[in-house]
Amino acid sequence: MINVNDFKTGMTIQYDGGIYQVLEFQHVKPGKGAAIVKAKLKNLRTGAIAEQTFNAGIKVPTAHISKQKMQYLYASGQSYSFMNMETYEQVELDESQISNEVKFLKEGLEVYISFYESEMLGIELPEKIDYKITSTEPAVKGNTATGATKDAIVETGLLVKVPLFIEEGEEIIVSTKDGKYVSRK
């Protein structure tokens, strides 16, 4: 149990039947009445973000989330297979659990899978991943406008805006936070 006055960003709690991560919080002391704690919470099962107000001083149970490093193996329909690199144990996640991350997955990619007790909550991708470009239009000579970009498709099917000088077959680095081009590899 943890007092809501002791919330910290990134902490995980159990509340109202769900498992939440504290994204941000604020202690509020109104002119009249008792102090409150306003918190922005992310539901780790659904990904939904909600604002919640707690009376100061109440206690909520903490949720102990464990992470295991695993390697992405393959997709089979709506199911994605991962393997623990130490025990060789394989687990499968449904596309609905990792719908935002699916477009970044490529064979052999190492990710962290979050578990609450024995329930799999989702995956944590590396901050940046390198991909090979499978198709893009050739650069047009004379088109040298500053910051001009073109569409490129990488090996996972992800569409990335890249600078005009990037060619098909090159490797680029993409940020998993926003899916944007970072640099050449």
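As the structure is a prediction and not an experimental result, all values here were calculated from the model.

1. Looking at the pairing of strand β2 (residues 12–15)
Strand direction decides the pairing type here: β2 and strand β3 (residues 18–28), joined by four bridges, are antiparallel. By the bridge assignment, Ile13 is partnered in β3 with Tyr20. Counted along the chain from β2 to the antiparallel partner β3, the turn is two residues long, and its residue Asp16 has a positive phi close to 55°.

2. With respect to the sheet that holds strand β15 (residues 171–175)
Reading across from one edge, β14-β13-β12-β15-β16 is the order of the five strands in this open sheet, with antiparallel pairing throughout. The sheet terminates laterally at β14 (159–163) and β16 (181–184), the two strands that pair on one side only. With strand direction ignored, the average angle separating the axes of adjacent strands in the sheet is 50°. Strand direction decides the pairing type here: β15 and β16, joined by three bridges, are antiparallel. By the bridge assignment for β16, Ile173 is matched with Ser183.

3. Topic: the sheet that holds strand β10 (residues 110–116)
With antiparallel pairing, five strands are arranged side by side in an open sheet as β9-β8-β7-β10-β11. Looking along the sheet, the strands with just one partner apiece sit at the ends: β9 (90–94) and β11 (119–124). Sheet twist, expressed as the average angle between the axes of neighbouring strands with direction ignored, equals 45°. Relative to β9, strand β8 (residues 79–84) runs antiparallel, the two sharing five bridges. Note on β9: the bridge partner recorded for Ser81 is Glu92.

4. With respect to the side chain of Asn84
Within the fold, Asn84 resides in strand β8. Among the polar contacts made by the side chain of Asn84, one reaches the main-chain amide nitrogen of Glu86 at a distance of 2.8 Å. Here the side chain of Asn84 touches Thr87 through a polar contact of 3.3 Å, landing on its backbone nitrogen.

5. Examining the packing of aromatic side chains
With the rule as written, the count across this model stands at five aromatic pairs. Between Phe7 and Phe54, the aromatic rings sit 5.6 Å apart at their centres with planes inclined by 90°, giving edge-to-face as the arrangement. With Phe7 in the loop between β1 (2–3) and β2 and Phe54 in strand β5 (residues 49–55), this residue pair connects regions lying 47 residues apart in the sequence. Each member of the pair Phe7 and Phe54 is classed as buried. Members of the aromatic cluster, each reached through a chain of ring pairs, are Phe7, Tyr15, Tyr20 and Phe54.

Procedures and definitions
- Residues numbered from 1 in each chain as written.
- Predicted model: local features only at pLDDT ≥ 70, side-chain atom pairs only at ≥ 80, totals over all residues.
- Heavy atoms only, no water.
- Pairing = 2+ DSSP bridges.
- Helix = DSSP H or I, 4+ residues; strand = E, 2+ residues; numbered from the N terminus.
- Axes fitted to C-alpha atoms, helices over the stretch in contact; angles between N-to-C directions.
- Polar contact = N/O pair within 3.5 Å; in protein donor to acceptor, adjacent residues only side chain to side chain.
- Phe/Tyr/Trp six-rings, centres within 6.5 Å; stacked < 30°, edge-to-face > 60°.
- Buried < 20%, exposed > 50% of the residue type's maximum accessible area, 1.4 Å probe, protein only.

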